[in-house]
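Structural features, examined
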Amino acid sequence: MSEIEKTEQLHHDWRESENERKMLSDMGYSQKAIEYYIRKPYMTALVDADHVSEMTGTCGDTMKISLKIRRGMIEDVGYQVLGCPGAVASAMAVVDLIKGGSLENAGKINDNDVFKALEDMPAKKHHCIQLSVKTLHKAVDEYRRKESKIKTIN
Ligand code: FES
């Protein structure tokens, strides 16, 4: 790709993301939620994850969470989301709420905590928050069960 083509592509991408921002803002997403969706800061699969869980919502959207845990603390978290902007924004907000904190705290995160972190979301998108929290809780429960099995065996 030539330098001119690269510059044109950049302008095109910028216009696209500006249009997307405006559309989401008109729908009722806060600027913070839009930033999470556009930047997707934690959209990744951790290669050295200690645990991975997946969940599909009734809408068909799917999330996968990977956790890196050391001595009960969450060192790193990544989400992979196949779904709507609300699902992506919610998952990213969950990471900011739990990364660096205890597994115990992660198990207590609720829909309201995520809603507050996002500042605002369209009412019909609240189930996206629920999906991100359910995926997290599933991962925490499964990891705890796995750990207690290992302790019982040893
Ligand atoms: Fe399914 Fe958003 S529409 S999680």
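Scroll up to find the structure this text is about.
Since this is a predicted model, take the numbers as computed values, not measurements.

**Thoughts on the nonpolar core**
In this structure, Ala-91 and Val-94 are the most contacted members of the largest nonpolar core, which totals 38 residues. Elements that contribute at least two residues to this core include exactly α2 (31–39), β2 (62–70), β3 (73–82), α3 (85–98), α5 (111–118) and α6 (126–153). At nine residues, α3 tops the list of elements feeding residues into this core. Val-94 has contacts with Ile-109, Val-114, Ser-132, Val-133 and Leu-136, leaving out every residue within four places of it along the chain.

**Re the packing of helix α1 (residues 3–27) against α2**
At a closest axis distance of 10 Å, the pairing of α1 and α2 adopts a crossing angle of 145°. Of the two elements, α1 crosses α2, and the hand of that crossing is right-handed. Here Ser-17, Arg-21, Leu-24 and Ser-25 of α1 lie close against α2, whose contacting residues are Ile-34, Tyr-37 and Ile-38. Of the residues belonging to the contact of α1 with α2, the class tally is four nonpolar, two polar and one charged.

Rules behind the numbers
Residues numbered from 1 in each chain as written. Predicted model: local features only at pLDDT ≥ 70, side-chain atom pairs only at ≥ 80, totals over all residues. Core = buried A, V, L, I, M, F, W, Y, C linked by C-beta atoms within 7 Å. Buried ≥ 20, exposed ≤ 12 C-beta atoms within 10 Å, placed from the backbone. Helix = DSSP H or I, 4+ residues; strand = E, 2+ residues; numbered from the N terminus. Contact = placed C-beta atoms within 7 Å. Axes fitted to C-alpha atoms, helices over the stretch in contact; angles between N-to-C directions. Left-handed = near helix turned anticlockwise from the far one by under 90°. Nonpolar A, V, L, I, M, F, W, Y, C, P; charged D, E, K, R; others polar.

The values reported here are purely geometric and, on their own, carry no functional implication.
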